[in-house]
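# Chain and residue survey
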There are 2 protein chains.
Amino acid sequence: MENYIGYFKALRESKGLTLREVERQTEVSNAYLSQLESGKIKQPSPLTLHKLSEIYGVGYDILMEKVGYPPLKKKVAEINRDKSSIALRVGSITEDEEVELLNYLKFMRSRKK
Amino acid sequence: MENYIGYFKALRESKGLTLREVERQTEVSNAYLSQLESGKIKQPSPLTLHKLSEIYGVGYDILMEKVGYPPLKKKVAEINRDKSSIALRVGSITEDEEVELLNYLKFMRSRKK
DNA sequence: TAACATTGCTAAGTATTGCAAGCATTTTTT
DNA sequence: AAAAAATGCTTGCAATACTTAGCAATGTTA
């Protein structure tokens, strides 16, 4: 969402790295890095950001937010709503559904043996 | 990490939602949702995943990893808060079990009407 | 000085996300 | 039963991430 012009360039230069050195270590082309630093790229992919976060020593989540992706950090309210790890994957469920799912899971597993 | 075929469709149907209902709430076109569910989309953007995570009640980070984006390390405090009843009793579930549970959840909920 | 390497950058091309419009079929309403 | 609405889906199309190839300027070495 916001402007991160100057940010990536300052980051790289603070480490004393050239575009081609970053290219070697991240396998992101120097051409693209140049475009990124000059503000021609709106939202580099998470994978690209992850590579950059490693070489620059900056948090992956920091870079994600920097370019405007939704924040990765969970809010406490959401954590409390999602009680179990299953709920994290299938969405929130009621207590009754939880029991029924448990039984069904048990049935599923016994059937596949 | 690779294939999430069946997952998004199972998620939606477990909630008893139509493509156009999800479109209304997330502002993601039903056309795109259809392609996503049929496996024609490799990596939907973080913003799209964030919207889906909200309407489906599934962790944003879970969806991010599901489609193959780099994993984000959780804070220890959050991890401990996340695991509760079901996880402690049955342990983790496989991807196949996950989809099967979603389908059963859909059946459970449709039965009670 | 001359040859060569390195630097940042641009232009053109490929691939993919996501949308608008529309179609065929099923479901709902009258 | 007919009309209307809702549903899932396909087909172009625009926008954009990212690459390869190359250029001009600067730095390095013989």
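Residues numbered from 1 in each chain as written. Chains lettered and ligands numbered in written order. Predicted model: local features only at pLDDT ≥ 70, side-chain atom pairs only at ≥ 80, totals over all residues. Heavy atoms only, no water.

As annotated in an unreviewed UniProt entry, chain A carries the name Helix-turn-helix and is attributed to Pedobacter insulae.

### What about the pattern of salt bridges?
Any two side chains of opposite charge can pair if their charged atoms end up close together. Residues and elements named next belong to chain A. Taken as a whole and assessed by the stated rule, the structure comprises four salt bridges over all chains. The salt bridge partner of Arg12 is Glu37, with a shortest N-O separation of 2.7 Å. Placement of Arg12 in helix H1 (residues 7-14) and of Glu37 in helix H3 (residues 30-37) is noted, with a sequence separation of 25 residues between them. Relative accessible area serves as the criterion here: at 11%, Glu37 is assigned to the buried category. Between Glu21 and Arg24 there is a salt bridge; the shortest N-O distance is 2.7 Å. Taken as a pair, Glu21 and Arg24 lie in helix H2 (residues 19-26) at a separation of three residues, close to a single helical turn. When its relative accessible area of 57% is taken as the criterion, Arg24 is described as exposed. (Salt bridge = Lys/Arg side-chain N within 4 Å of Asp/Glu carboxyl O. Helix = DSSP H or I, 4+ residues; strand = E, 2+ residues; numbered from the N terminus. Buried < 20%, exposed > 50% of the residue type's maximum accessible area, 1.4 Å probe, protein only.)

### Notes on the protein's contact with DNA strand D
Around DNA strand D, a shell composed of 24 residues is seen, among which Tyr32, Lys42 and Ser45 of chain A together with Leu19 and Asn30 of chain B lie nearest. For DNA strand D, the fraction of atoms within 4 Å of the protein that belong to sugar or phosphate moieties is 59%. In the environment of DNA strand D, a phosphate oxygen lies 2.5 Å from a nitrogen or oxygen atom belonging to the side chain of Tyr32 of chain A. Elements with a contribution of two residues or more to the surface near DNA strand D: H3 of chain A together with helix H1 (7-14), helix H2 (19-26) and helix H3 (30-37) of chain B. With four residues, the top contributor of residues to the surface near DNA strand D is H3 of chain B. Split by residue class, the surface near DNA strand D holds seven nonpolar, nine polar and eight charged. (Near = heavy atom within 4 Å. Polar contact = N/O pair within 3.5 Å; in protein donor to acceptor, adjacent residues only side chain to side chain. Nonpolar A, V, L, I, M, F, W, Y, C, P; charged D, E, K, R; others polar.)

### Observations concerning the protein's contact with DNA strand C
If you check the shell around DNA strand C, you find 24 residues, and the closest are Asn30 and Lys40 of chain A together with Tyr32, Lys42 and Ser45 of chain B. Protein-proximal atoms of DNA strand C, defined as those within 4 Å of the protein, fall in sugar or phosphate at a share of 60%. Take Tyr32 of chain B: an N or O atom from its side chain is 2.3 Å from a phosphate oxygen of DNA strand C. At 2.8 Å from a phosphate oxygen of DNA strand C is found a main-chain nitrogen or oxygen belonging to Gln43 of chain B. Contributions of two or more residues to the surface near DNA strand C are made by H1, H2 and H3 of chain A together with H3 of chain B. In terms of residues, the surface near DNA strand C owes the most to one element, H3 of chain A, which gives four residues. Residue composition of the surface near DNA strand C, grouped by class: seven nonpolar, nine polar and eight charged.

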